[in-house]
Amino acid sequence: METTLSWVVPALGVVLSWYSLRWVRFRSKLTMVPSAVFVSLVIICLLVIASAYVNTVCVENEFCRNYGDGNMAYWLNAIFISPLYVIFAIKGAGEY
């Protein structure tokens, strides 16, 4: 259960990044790429907080075990797949 939960929240970031710039019309890629990077950084910050919260709730309700520093995978996974957030934000930009 721990492994599944530790990847569910970061996987939601892919969906969020796809829809984050969807309604914004960019005139050039020169402004789209920095916007995608900024949005991805915001998504990473939010998902790190959400992942830590999910881990805390899981351990407190005894659905998961506490692994000490091993629980860092909950928030590191959002950082590991951060390039996907940038790619999906660029691909989804202006597609509405």
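Residues numbered from 1 in each chain as written. Predicted model: local features only at pLDDT ≥ 70, side-chain atom pairs only at ≥ 80, totals over all residues. Heavy atoms only, no water.

Engineer: Would you mind showing me how to read the overall build of the protein chain here?
Structural biologist: Each helix and strand in the protein chain was counted, giving 4 helices and 0 strands. When the helices and strands of the protein chain are read in sequence order from the N terminus, they spell out α-α-α-α. Across its three principal directions, the C-alpha atoms of the protein chain cover 50 × 20 × 15 Å. Here the protein chain, with 96 residues, has 31% of them falling under the buried criterion. Partitioning the intrachain contacts of the protein chain with sequence separation of at least 6 by distance along the chain shows that 82% fall at a separation of at least 24. (Helix = DSSP H or I, 4+ residues; strand = E, 2+ residues; numbered from the N terminus. Buried < 20%, exposed > 50% of the residue type's maximum accessible area, 1.4 Å probe, protein only. Contact = heavy atoms within 4.5 Å.)

Engineer: Is there a simple way to think about the state of the cysteines in this case?
Structural biologist: The bond known as a disulfide is covalent and runs between the sulfur atoms of two cysteines. Counted under the stated rule, the structure contains 1 disulfide. Put simply, C58 and C64 are joined by a disulfide, and their sulfur atoms are 1.6 Å apart. Because the torsion about its S-S bond is 70°, the bridge between C58 and C64 counts as right-handed. (Disulfide = S-S within 2.5 Å.)

Engineer: Just to check I follow, could you spell out the nonpolar core for this structure?
Structural biologist: In globular proteins that are soluble, nonpolar side chains generally tend to be buried together. In terms of nonpolar packing, the biggest core is built from 14 residues, with L21, I43, L47 and Y85 touching the most fellow members. Breaking this core down by element, the ones donating at least two residues are α1 (2-20), α2 (29-60) and α4 (82-92). The dominant element in this core, judged by the number of residues it contributes, is α2, at 6 residues. If sequence neighbours within four positions are ignored, I43 has contacts with G13, L16, S17 and Y85. (Core = buried A, V, L, I, M, F, W, Y, C linked by side-chain atoms within 4.5 Å.)

Engineer: Before we go on, may I ask you to explain unusual backbone geometry in this structure?
Structural biologist: Glycine aside, a negative phi is what most residues show, and trans is what most peptide bonds show. The phi torsion at E62 lies on the positive side, around 60°, for a residue other than glycine. Mapped onto the elements of the fold, E62 is located in the loop between α2 and α3 (73-80). A residue is classified by how much of its surface remains accessible, and E62, at 70% relative accessible area, is exposed.

Engineer: How do you make sense of α4 when you look at a structure like this?
Structural biologist: Helical geometry note: an α-helix holds 3.6 residues per turn, so side chains three or four residues apart project in the same direction. Among all positions of α4, only S82, Y85, A89 and G92 are buried. Seen along its axis, α4 keeps its buried residues to an arc of 90°; they face one direction. Immediately downstream of α4, the backbone of G94 shows phi near 70°, a positive value. (Arc of directions from axis to C-beta.)

Engineer: Can you help me understand the confidence of the model for the protein chain in this one?
Structural biologist: Reading fine detail from the predicted coordinates is not recommended where pLDDT is low. Per-residue pLDDT for the protein chain has a mean of 84; in total, 92% of the residues score no lower than 70. Confidence, expressed as mean pLDDT per element, reaches its minimum in the protein chain at α3 with 81 and its maximum at α4 with 90. (pLDDT = per-residue confidence, 0-100.)

Engineer: Explanation requested: the packing of aromatic side chains in the structure shown.
Structural biologist: To describe a pair of aromatic rings, you give the distance between the ring centres and the angle between the ring planes. Throughout the structure, instances matching the rule amount to 2 aromatic pairs. Seen in terms of ring centroids, W18 and F88 are 6.0 Å apart; in terms of plane orientation they differ by 65°. Their pairing is edge-to-face. Pair noted here: W18 is in helix α1 and F88 is in helix α4, with a separation of 70 residues, a long-range link. Residue class for F88 comes out partly exposed when judged on its relative accessible area of 30%. When the centroid spacing of 6.5 Å and the interplanar angle of 25° are considered together, the rings of Y19 and W23 count as stacked. (Phe/Tyr/Trp six-rings, centres within 6.5 Å; stacked < 30°, edge-to-face > 60°.)

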